[in-house]
Amino acid sequence: MGYRFAPVNRRQIYRLRAAASGREALAAVEPGTVYTDRETGEELRPITRTLPLAPSQSSLLRTPENLRICRRCDQLIGLDVSDCPYCGLRQPALDGGS
Ligand SMILES: [Zn+2]
């Protein structure tokens, strides 16, 4: 706690985690708002901020709904990529559950 960042992005993206299941999500957290996992209904608590995405990295607009976190290298990657562009880890298919 006690970190101070210059407000570079209007919507700061946080990693959220559900304590019981360990499921993680990304969301632009606003103070006083409770976030719940879409599938399990668990409360998600912010655990860390993500770094702002470099605008030059891609011309595609990446919204939190279109991102996930690589389990190996913790980088934000698009939902539509099958392999992590940072470490090459094969990403699990989205459809069909876990
Ligand atoms: Zn990776």
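Not measured: the values here are computed from a predicted model. (Residues numbered from 1 in each chain as written. Predicted model: local features only at pLDDT ≥ 70, side-chain atom pairs only at ≥ 80, totals over all residues. Heavy atoms only, no water.)

A. Quick look at the coordination of the zinc ion. At this site the zinc ion is bound by C70 (SG), C73 (SG), C84 (SG) and C87 (SG), with donor distances of 2.2 to 2.3 Å. The sequence motif formed by the donor residues of the zinc ion is C-x2-C-x10-C-x2-C. Taken together, the positions of C73 in the loop between strand 5 (67-69) and strand 6 (76-78) and C87 in the segment after strand 6 put the pair 14 residues apart, joining distant regions of the chain. Of the residues examined, C87 reaches a relative accessible area of 26% and is grouped as partly exposed. (Donors = N, O, S within 2.8 Å, 3.2 Å for Na, K, Ca; no water. Helix = DSSP H or I, 4+ residues; strand = E, 2+ residues; numbered from the N terminus. Buried < 20%, exposed > 50% of the residue type's maximum accessible area, 1.4 Å probe, protein only.)

B. Expanded view of the environment of T50. Take T50: it is sitting in the loop between strand 4 (43-49) and strand 5. Along the sequence, T50 and Y14 sit 36 residues apart, while their C-alpha atoms lie 5.5 Å from each other. In this structure T50 touches Q12, I13, Y14, R15, L26 and L76, once residues within four positions along its chain are discounted. (Contact = heavy atoms within 4.5 Å.)

C. Summary view of the confidence of the model for the protein chain. Here the protein chain shows a mean pLDDT of 75. Residues at 70 or above account for 69%. Mean pLDDT per element in the protein chain: strand 4 is the minimum at 82, and strand 3 (residues 35-36) is the maximum at 86. (pLDDT = per-residue confidence, 0-100.)

D. View of the sheet that holds strand 3. Taken together, the 4 strands give an open sheet; going across it, the order is 2-1-4-3, and neighbouring strands pair in antiparallel fashion. Among the strands making up the open sheet, the edge pair consists of strand 2 (24-28) and strand 3. Pairing of strand 1 (residues 13-18) with strand 2 involves 5 bridges; the strand directions are antiparallel. By the bridge assignment for strand 2, I13 is matched with A28. (Pairing = 2+ DSSP bridges.)

E. Focus on the side chain of D37. Relative to the helices and strands, D37 is located in the loop between strand 3 and strand 4. A residue is classified by how much of its surface remains accessible, and D37, at 6% relative accessible area, is buried. Within the structure, the side chain of D37 is placed 3.0 Å from the backbone nitrogen of T40, a separation counted as a polar contact. Contacts of D37, omitting those with residues within four sequence positions, involve R23, E42 and L44. (Polar contact = N/O pair within 3.5 Å; in protein donor to acceptor, adjacent residues only side chain to side chain.)

F. Representation of the nonpolar core within the structure. Core analysis: the largest hydrophobic core is formed by 7 residues, namely Y14, L16, A18, A27, V29, Y35 and L44. Of the residues forming this core, the biggest block, 3 residues, is contributed by strand 1. Excluding residues within four positions of it along the chain, Y35 makes contact with L16, A27, A28, V29, E30, E42, E43 and L44. Among the nonpolar cores identified, the runner-up in size contains 6 residues, and I13, A28, L67 and I69 belong to it. (Core = buried A, V, L, I, M, F, W, Y, C linked by side-chain atoms within 4.5 Å.)

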